[in-house]
Amino acid sequence: MKTTFGPQRMLFPLPTVLVVTGNMTKANIITIAWITMHTGKSPTLGIAVGTRGYSGEQIRANMNFTVNIATVDIMKEADFCGITSGREVDKFKATGFTKLPSTYIESPIIKECPVNLECRLVESNMVGPTNHFVGEILETHIDTDHLGDQHDPGTLDIRAVNPLIYYSGVREYWSLGEKVGDAYEIGKGLTISGHHSR
Ligand SMILES: Cc1cc2nc3c(=O)[nH]c(=O)nc-3n(C[C@H](O)[C@H](O)[C@H](O)COP(=O)(O)O)c2cc1C
């Protein structure tokens, strides 16, 4: 049996990321969970940014932003960036986060986040009352502490990263569970007559 609840934000789990826009002198941080990859080659990602806050207008003006993966270690600071506005608060000062320069864009990355993506704004639309920003990922920074082989991002130890997971439906933070299988592989064990896995 199932029961229904009408339109809910029941999509989970979501990553918690810190999106930074600005420059090394003045930059703002917004906590974002509504984020997704869009294209694989020349990778792009999309973020949904509300119009009431400060970040939407700032990203439109600056045309670039960084996506910084939040971890359980910085949960309080990440939450703080999601309940305060850059209009009133210098969030770098308040959290103690350290700005590091990006390679290709003005917006800095956050040192305390182990993975950082530099993005150039390539598309912006309104989806209802919400900004939908598409960013092209120009560079990826990863803490070497969490890499088995410094030259291969595939060796990133996701357990050591300990990403902060957001359960949107009930507004809770969670941590990561266990690896349970290899994607694009495990399904090959299932054969349906007439269908072959690629
Ligand atoms: C866990 C969490 C996830 C959030 N996800 C989003 C999101 O995806 N999009 C959004 O516009 N706001 C999101 N928010 C709310 C913004 O972070 C919040 O409105 C913030 O104060 C805006 O800051 P600003 O005015 O400096 O831009 C989230 C907040 C939290 C705590």
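Structure shown above.
For the structure given in this document, a descriptive report is provided here. Keep in mind it's a predicted model, so treat the numbers as computed, not measured. (Residues numbered from 1 in each chain as written. Predicted model: local features only at pLDDT ≥ 70, side-chain atom pairs only at ≥ 80, totals over all residues.)

Attention now goes to the sheet that holds strand S1 (residues 14–15). An order of S1-S11-S12 is seen for the three strands of this open sheet, with the pairing classed as antiparallel. Across the chains shown, the open sheet's two edge strands, defined by having one partner strand only, are S1 and strand S12 (172–174). (Pairing = 2+ DSSP bridges. Helix = DSSP H or I, 4+ residues; strand = E, 2+ residues; numbered from the N terminus.)

This brings us to the site of the ligand. Not every one of the 21 residues close to the ligand is listed here, only the nearest: Trp34, Gly53, Ser55, Gly82 and Ser85. For the shell around the ligand, the secondary structure elements donating two or more residues are strand S3 (27–32), strand S5 (44–50) and helix H2 (75–83). Examining the composition of the shell around the ligand, we find that four residues originate from one element, S3, more than from any other. Grouping the amino acids of the shell around the ligand by side-chain chemistry returns nine nonpolar, 10 polar and two charged. (Near = placed C-beta within 6 Å. Nonpolar A, V, L, I, M, F, W, Y, C, P; charged D, E, K, R; others polar.)

Listing the buried residues of H2 in full gives Glu77, Ala78 and Cys81. Down the axis of H2, the smallest arc covering the buried residues is 100°, so these residues share one side. Exposed residues lying more than 90 degrees from the buried face of H2 are Lys76 and Ile83. Along its buried surface, H2 packs onto strand S2 (17–22), S3 and helix H3 (91–95). (Buried ≥ 20, exposed ≤ 12 C-beta atoms within 10 Å, placed from the backbone. Arc of directions from axis to C-beta. Contact = placed C-beta atoms within 7 Å.)

Bear in mind that shape data such as this cannot, by itself, settle questions of function.
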